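Observations on the model geometry
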Amino acid sequence: MDTNNNRPSPIQQLSSLAELRSRQAEIRSQLKKSENNMSDIWNDMFHKPSPSTLTSPTGKAINFLTNSAGIIDGAILGWKLYRRFGGTMNIFKKKK
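Residues numbered from 1 in each chain as written. Predicted model: local features only at pLDDT ≥ 70, side-chain atom pairs only at ≥ 80, totals over all residues. Heavy atoms only, no water.

On to the pattern of salt bridges. Under the defined criterion, the tally for this structure stands at one salt bridge. Across the salt bridge formed by Glu26 and Arg23, the nearest N and O atoms sit 3.1 Å from each other. Of this pair, Glu26 and Arg23 both sit in helix H1 (residues 17-46), three residues apart, roughly one helical turn. Taking the relative accessible area as the measure of exposure, Glu26 reaches 38% and is therefore partly exposed. A relative accessible area of 16% places Arg23 in the buried class. (Salt bridge = Lys/Arg side-chain N within 4 Å of Asp/Glu carboxyl O. Helix = DSSP H or I, 4+ residues; strand = E, 2+ residues; numbered from the N terminus. Buried < 20%, exposed > 50% of the residue type's maximum accessible area, 1.4 Å probe, protein only.)

In structure tokens:
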């Protein structure tokens, strides 16, 4: 399988069980490689970096800015929702 463009490779004619087993082993190794790549990407996205990367002043600044941006984004979203729903959660309030 060609992993660059996600198109399957052309079907090969296999004439013996040995060729079939070698092709099967090749496909399994490609699948294992893809699985490892996906797990690395998952870990990078959803797990915090190790504390050793946050000891430098640059790492601390990036961590501070990331957390600050998340807090500000949450506050803005909260304000927009508050304004959108009229400041109260009374669903029986008559609109003017």
